Amino acid sequence: MIRRATVLFLAALLPLLAGAGQAQAAGYRYWSFWERDGSAWTYATVGPSLARPADGDVQGFRFSVSEDSGDAAKPRGSADFDTICAKTPAEDGTKRVALVIDFGTPADAPSGERPPAGRTACAQVAEDATTAEALASVAEPLRYDSNALLCAIAGYPAKGCGEQVATDGKEPSPGETAETTGTAEDDGGSGPSVGLIAGAAVVVVLGAAAVWQVRRRA
């Protein structure tokens, strides 16, 4: 009798647990940084200010809303070095870096803004230049926050920087950004959500209370 009552009680709580996890689901609106590895995009392991591409490398940026690096949207369009840099001959003392800049979709755009058309560019920069320097040579103005997080490329978006966005499309909570709450680059998207943990804790506590009540009545 006790076991059956407990099972029924926990079964009734499952929808609440699922709802708790979904309510907490959120992503971040930001520029992700990618490197072309053969025929595929790979999420960069360092930021553009630290990466130093070689001559002939292809790198990309994509603006989107994503929960972590595991579900981040990849740059679209051509990523072929020979095509992008076809009209930029090699020069001594410099390197050529092919850049793919994807401004994302209207669904990912901040309120009141519309993403520009995607573009490619061949940046010819000093041999020791970083990706950030290559990007600045072809897509100004760039905007960074106080923590050196890339906020805008070619002026897009006009405001905001890594802010948290609920997956239902609502605007971010005030003061919550990728810097204050952590992004996929920090946790790799491998940990459970806070909402799921909290929901599980509620189930355990209430389940124990149900067992105690049944035993007391028995």
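Here, every reference points to the structure presented above.
Residues numbered from 1 in each chain as written. Predicted model: local features only at pLDDT ≥ 70, side-chain atom pairs only at ≥ 80, totals over all residues. Heavy atoms only, no water.

> Please clarify how the packing of aromatic side chains should be interpreted in this entry.
For any pair of aromatic rings, the description consists of the separation of the ring centres together with the inter-plane angle of the planes. For the coordinates displayed, the defined rule picks out six aromatic pairs. Measuring from ring centre to ring centre gives 5.5 Å for tryptophan 31 and phenylalanine 103, while their planes differ by 80°; the resulting arrangement is edge-to-face. Pair noted here: tryptophan 31 is in strand E1 (residues 26-37) and phenylalanine 103 is in the loop between strand E4 (94-102) and strand E5 (119-126), with a separation of 72 residues, a long-range link. Exposure class is identical for tryptophan 31 and phenylalanine 103. Each is buried. Between phenylalanine 103 and tyrosine 156, the ring centres sit 5.9 Å apart and the planes meet at 75°, which makes this aromatic pair edge-to-face. Of the two residues, phenylalanine 103 is situated in the loop between E4 and E5 and tyrosine 156 in the loop between strand E7 (150-152) and strand E8 (163-166); the sequence distance between them amounts to 53 residues. (Phe/Tyr/Trp six-rings, centres within 6.5 Å; stacked < 30°, edge-to-face > 60°. Helix = DSSP H or I, 4+ residues; strand = E, 2+ residues; numbered from the N terminus. Buried < 20%, exposed > 50% of the residue type's maximum accessible area, 1.4 Å probe, protein only.)

> Could you clarify how one ought to interpret the nonpolar core in this entry?
One recurring pattern in soluble globular proteins is that nonpolar side chains are buried together. Grouped together as the largest cluster of nonpolar side chains are 20 residues, with contacts concentrated most on Trp31, Phe61, Leu99, Ile101, Leu135 and Ile153. The set of elements that each furnish at least two residues to this core consists of E1, strand E3 (58-66), E4, E5 and helix H3 (131-138). The element best represented in this core is E4, accounting for three residues. The contact partners of leucine 99, leaving out residues within four places of it in the chain, are Gln59, Phe61, Ile84, Arg119, Thr120, Ala121, Ala123, Ala134, Leu135 and Val138. (Core = buried A, V, L, I, M, F, W, Y, C linked by side-chain atoms within 4.5 Å. Contact = heavy atoms within 4.5 Å.)

> Quick question: what am I supposed to make of the state of the cysteines here?
A disulfide bridge is the covalent bond that connects two cysteines by way of their sulfur atoms. For the structure on display, the rule yields two disulfides. One disulfide in the model links cysteine 85 with cysteine 122; its S-S distance is 2.1 Å. Residues cysteine 85 and cysteine 122 are joined through a disulfide that is right-handed, its torsion about the S-S bond being 105°. Linking cysteine 85 in the loop between helix H2 (81-84) and E4 with cysteine 122 in strand E5, this pair joins segments that are 37 residues apart in sequence. The residues cysteine 85 and cysteine 122 share a single accessibility class, namely buried. Two residues share a disulfide in this structure: cysteine 151 and cysteine 161, whose sulfurs sit 2.0 Å from each other. (Disulfide = S-S within 2.5 Å.)

> What am I meant to see in a negative patch on the surface here?
Where like charges cluster on the molecular surface, the negative patch consists of Glu91, Asp92, Glu127, Asp128 and Glu133. Relative to the assigned elements, aspartate 92 resides in the loop between H2 and E4. Residue aspartate 92 is classed as exposed on the basis of its relative accessible area of 82%. (Patch = residues over 30% accessible without salt bridge, like charges linked within 9 Å, V, L, I, M, F, W, Y side chains within 5 Å. Areas by Shrake-Rupley, 256 points an atom, 1.4 Å probe, with all protein chains shown as cover. Salt bridge = Lys/Arg side-chain N within 4 Å of Asp/Glu carboxyl O. Lys, Arg positive; Asp, Glu negative; His and termini not counted. Charge placed at Lys NZ, Arg CZ, Asp CG, Glu CD.)

> When you look at H3 in this model, what are you seeing that I'm missing?
Each α-helix turn comprises 3.6 residues. Residues three or four places apart therefore point the same way. Of the residues making up H3, those classed as buried are Thr131, Ala132, Ala134 and Leu135. Each buried residue of H3 lies within a common arc of 160° when the element is viewed along its axis, so the set occupies one face. Looking at the buried positions of H3, the neighbouring elements they touch are E1, E3, E4, E5, strand E6 (143-144) and E7. (Arc of directions from axis to C-beta.)

> What exactly am I supposed to notice about the environment of glutamine 59 here?
Residue placement: glutamine 59 occurs in strand E3. C-alpha of glutamine 59 to C-alpha of valine 100: the two residues are 41 residues apart in sequence and 6.3 Å apart in space. Contacts of glutamine 59, omitting those with residues within four sequence positions, involve Phe33, Trp34, Glu35, Trp41, Pro53, Val97, Ala98, Leu99, Val100 and Thr131. A polar contact is formed between the side chain of glutamine 59 and the side chain of threonine 131, at a distance of 2.5 Å. (Polar contact = N/O pair within 3.5 Å; in protein donor to acceptor, adjacent residues only side chain to side chain.)

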